[in-house]
Amino acid sequence: FARPLEDGDDGKRNWQYFDLGVDWDSVKKAALPIMSKFTARTNGSFVKLTHSSLGWSYYSCDPEWGLLQASHLVLELEDALRAFDVRFVTLK
C-alpha cells in the first residue's frame, strides 16, 4: 500500500505494509529451519520469502511426494507457530 502523492513529495512513495501486528522476524526465525529441512528432503522444492509471508513450493517435484511432504510440513509449522497469529493457505 502506498498513499497518494502530495505536493512536496518529490515523486517518491513511501511503501507501508499491513502486517497486522505479526512479528515476522520471529515467525521466520521459527519457521525457516523447518522449511529448510523439508526443502532439503524434497528435490525441486523451494522456499519463497516476502515481507509478510513465507511460501514453500513443490511444483517441480514428484507430485505425490511433494504433496506428502507438504502435509507433514504444515503439521510441523502449525505446532511451531502456534504462538503467532498466522494462517496457513494451501494452493495447488
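Structure: see above.
Given the structure is predicted, the values throughout are model-derived calculations rather than measurements.

### A word on the overall build of the protein
Scanning the protein from terminus to terminus reveals two helices and two strands. Helices and strands appear in the protein in the N-to-C order α-β-β-α. The buried share of the protein, reckoned over its 92 residues, is 24%. If you take every contact in the protein between residues at least 6 apart in sequence, the share linking residues at least 24 apart comes to 35%. For the protein, the exposed area adds up to about 7,100 Å²; of that, 53% sits on carbon and sulfur atoms.

### What about the layout of surface pockets?
Leftover empty space is mapped by rolling, across the atoms, a probe with the size of a water molecule. Size it by volume and the largest pocket reaches roughly 1,000 Å³. Taken together, 34 residues line the largest pocket, and the ones lying closest to its centre are Leu54, Gly55, Arg87, Phe88 and Val89. Considering every element that reaches the lining of the largest pocket, the biggest residue donor is helix H2 (residues 63–80), with six residues.

### Focus: the pairing of strand E1 (residues 46–50)
One ladder, built from five bridges, connects E1 with strand E2 (residues 53–57); its direction is antiparallel. When the sheet's bridge partners are listed, Thr50 is paired in E2 with Ser53. In textbook terms, the turn of a hairpin is the stretch between consecutive antiparallel strands, and for E1 and E2 this stretch comprises two residues.

### Digging into helix H1 (residues 24–41)
If you check H1, its first and last C-alpha atoms are 25 Å apart, about what 18 residues at 1.5 Å a residue would give, namely 26 Å. The largest bend along H1 reaches roughly 35 degrees and is located at Ala31, with the proline Pro33 sitting one to four residues downstream. Every buried residue of H1 is listed here: Trp24, Val27, Lys28, Ala31, Ile34, Met35 and Phe38. Buried residues belonging to H1 abut E1, E2 and H2.

### Thoughts on the environment of Val22
As for its position among the elements, Val22 is in the segment before H1. A relative accessible area of 9% places Val22 in the buried class. Separated by 63 residues in sequence, Val22 and Asp85 place their C-alpha atoms 6.5 Å apart. In this structure, Val22 is in contact with Val27, Asp85 and Val86, ignoring residues within four places of it in sequence.

Each value, and the rule that gives it
- Residues numbered from 1 in each chain as written.
- Predicted model: local features only at pLDDT ≥ 70, side-chain atom pairs only at ≥ 80, totals over all residues.
- Heavy atoms only, no water.
- Helix = DSSP H or I, 4+ residues; strand = E, 2+ residues; numbered from the N terminus.
- Buried < 20%, exposed > 50% of the residue type's maximum accessible area, 1.4 Å probe, protein only.
- Contact = heavy atoms within 4.5 Å.
- Areas by Shrake-Rupley, 256 points an atom, 1.4 Å probe, with all protein chains shown as cover.
- 1 Å grid on protein atoms, 1.4 Å probe; cavity = no way out; pocket = protein on both sides within 12 Å on 5 of 7 lines; lining within 4 Å.
- Points joined across faces, edges and corners; volume = space filled by probe spheres on them.
- Pairing = 2+ DSSP bridges.
- Expected span 1.5 Å × (residues − 1).
- Bend = angle between axes of the 7 residues up to and from the residue.

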